[in-house]
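# Examining the three-dimensional arrangement
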Amino acid sequence: AQSVTQPDIHITVSEGASLELRCNYSYGATPYLFWYVQSPGQGLQLLLKYFSGDTLVQGIKGFEAEFKRSQSSFNLRKPSVHWSDAAEYFCAVGPLPGGSYIPTFGRGTSLIVHP
Amino acid sequence: DAGVTQSPTHLIKTRGQQVTLRCSPKSGHDTVSWYQQALGQGPQFIFQYYEEEERQRGNFPDRFSGHQFPNYSSELNVNALLLGDSALYLCASSSRLGLPGNTIYFGEGSWLTVV
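Summary of the structure given here. (Residues numbered from 1 in each chain as written. Chains lettered and ligands numbered in written order. Predicted model: local features only at pLDDT ≥ 70, side-chain atom pairs only at ≥ 80, totals over all residues. Heavy atoms only, no water.)

For chain A, the helix and strand inventory stands at 0 helices and 12 strands. When the helices and strands of chain A are placed in sequence order, the string is β-β-β-β-β-β-β-β-β-β-β-β. In terms of overall size, chain A behaves like a compact globule, its C-alpha atoms giving a radius of gyration of 14 Å where 115 residues would be expected to give roughly 13 Å. The buried share among the 115 residues of chain A stands at 50%. Look at the contacts in chain A between residues 6 or more apart in sequence, and 55% of them connect residues 24 or more apart. Roughly 5300 Å² of accessible area belongs to chain A as shown, and the carbon and sulfur atoms make up 50% of that amount. Across chain A, the centroid of the 8 positively charged side chains sits 5 Å from that of the 8 negatively charged ones. (Helix = DSSP H or I, 4+ residues; strand = E, 2+ residues; numbered from the N terminus. Rg over C-alpha atoms; globule rule 2.2 N^0.38 Å. Buried < 20%, exposed > 50% of the residue type's maximum accessible area, 1.4 Å probe, protein only. Contact = heavy atoms within 4.5 Å. Areas by Shrake-Rupley, 256 points an atom, 1.4 Å probe, with all protein chains shown as cover. Lys, Arg positive; Asp, Glu negative; His and termini not counted. Charge placed at Lys NZ, Arg CZ, Asp CG, Glu CD.)

Have a look at this one:
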């Protein structure tokens with residue numbers, strides 16, 4: 001069965017510092033990969049997605065992620081974090097068996113930004 | 001353009017009761033998925049509806065049921081509520097079964113507390 005592991009429950013960074021959130025997946029074929037962000041009291045917002053092609057994917061809000069098949073990873077990066085980036089970040093993999101493009105989510109990483 | 005709207009935003013129920021949550025998809029979307037997000041966890045897929053039929057289901061008991069109406073809106077019903085059903089219930093909408101080129105949009109969720 002497909003699964004996603006986000007090994008860091010919490011990450012703390014200083015504003016202006018660089019950020020990398022880790023994501024490892026288990027999937028039997030070529031996966032579709034996603035990063036979502038969830039701010040308090042809000043729904044999930046898609047940051048970026050990878051389906052095929054260039055393994056370095058650019059997203060919204062200055063985020064990027066790199067698909068590394070050999071490491072089964074899809075880590076999220078940002079060169080300079082802003083205080084407004086504090087939120088919960090979820091990595092997800094799809095599709096489900098049967099072909100429906102429904103993402104399976106990891107447990108999330110909480111990003112704390114210090115001024 | 002309204003996004004995905006869910007109601008109610010918060011509710012409290014007693015063990016053994018039944019609850020109905022509602023979702024209106026984003027304009028132009030015909031597919032609705034439901035997720036359960038327990039505190040500190042990632043969203044877990046419950047089921048997906050397309051053309052008024054349940055198309056795919058996650059690992060949830062039959063106490064969880066749903067419906068999709070001709071206008072594409074959807075309901076999630078949970079019978080015989082357990083304390084463990086306390087969670088944020090997220091609705092997600094997409095077009096045509098969430099094909100790779102189509103972004104899945106999430107609502108802000110309905111917080112259910114079972115006491």
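On we go from here.
All right, on to unusual backbone geometry then. With an omega dihedral of -10°, the bond running from S7 of chain B to P8 of chain B counts as a cis peptide bond. With respect to the secondary-structure elements, P8 of chain B resides in the loop between β1 (5-7) and β2 (10-13). With a phi close to 60°, K61 of chain A is a non-glycine residue in the positive phi region. The class of K61 of chain A is partly exposed, set by a relative accessible area of 46%. Even without a glycine there, the phi angle at E51 of chain B is positive, about 50°. Inspection of the secondary structure puts E51 of chain B in the loop between β5 (44-50) and β6 (53-57).

For Q38 of chain A, the position within the fold is in strand β5 (residues 32-38). A distance of 3.0 Å separates the side chain of Q38 of chain A from the side chain of Q37 of chain B, its partner in a polar contact. Beyond its immediate chain neighbours, meaning those up to four positions away, Q38 of chain A contacts G43, L44, A87, E88 and F90 of chain A together with Q37, L88 and L90 of chain B. (Polar contact = N/O pair within 3.5 Å; in protein donor to acceptor, adjacent residues only side chain to side chain.)

Here we come to the sheet that holds strand β7 (residues 64-68) of chain B. Residue and element names in this part refer to chain B. Here we have 4 strands laid out as an open sheet, ordered β1-β3-β8-β7, and antiparallel in their pairing. In this open sheet, the two edge strands, each paired with only one partner strand, are β1 and β7. For this sheet, the mean inter-axis angle between neighbouring strands, taken without regard to orientation, is 20°. Note that β1 and strand β3 (residues 19-24) share 3 bridges and pair antiparallel. Among the inter-strand pairings, S7 is bridged to a residue of β3, identified as R22. (Pairing = 2+ DSSP bridges. Axes fitted to C-alpha atoms, helices over the stretch in contact; angles between N-to-C directions.)

Bringing the pairing of strand β8 (residues 74-78) of chain B into the picture now. All names here are of chain B. β8 sits mainly inside the fold: 5 of its 5 residues count as buried. Here β8 shows a buried face lined by S74, L76 and V78 and a second buried face lined by E75 and N77. One ladder, built from 5 bridges, connects β3 with β8; its direction is antiparallel. Along β8, the bridge assignment pairs R22 with E75. By the bridge criterion, 5 bridges tie β7 to β8 in an arrangement that is antiparallel. Bridging from a neighbouring strand, F64 pairs with V78 of β8. Taking the residues between adjacent antiparallel strands as the criterion, β7 and β8 are bridged by 5 residues, where Y72 takes a positive phi near 80°.

As a further point, take the environment of A86 of chain A. Residues and elements named next belong to chain A. Its place among the elements puts A86 in the loop between β9 (73-78) and β10 (87-94). The exposure class of A86 is partly exposed, given its relative accessible area of 33%. Spatially, the C-alpha atom of A86 lies 9.3 Å from that of T12, the residues being 74 residues apart in sequence. Apart from residues no more than four positions distant in its own chain, A86 is found in contact with L111 and V113.

Residues and elements named next belong to chain A. Summed over all chains, the structure comprises 2 disulfides over all chains. Residue C23 pairs covalently with C91 via a disulfide, S to S 2.0 Å. Between C23 and C91, the disulfide has an S-S torsion of -65° and is therefore left-handed. With a gap of 68 residues between them, C23 in the loop between β3 (19-21) and β4 (24-26) and C91 in strand β10 connect regions that are remote in the sequence. Judged by relative accessible area, C23 falls into the buried class, the value being 0%. We classify C91 as buried; its relative accessible area is 0%. (Disulfide = S-S within 2.5 Å.)

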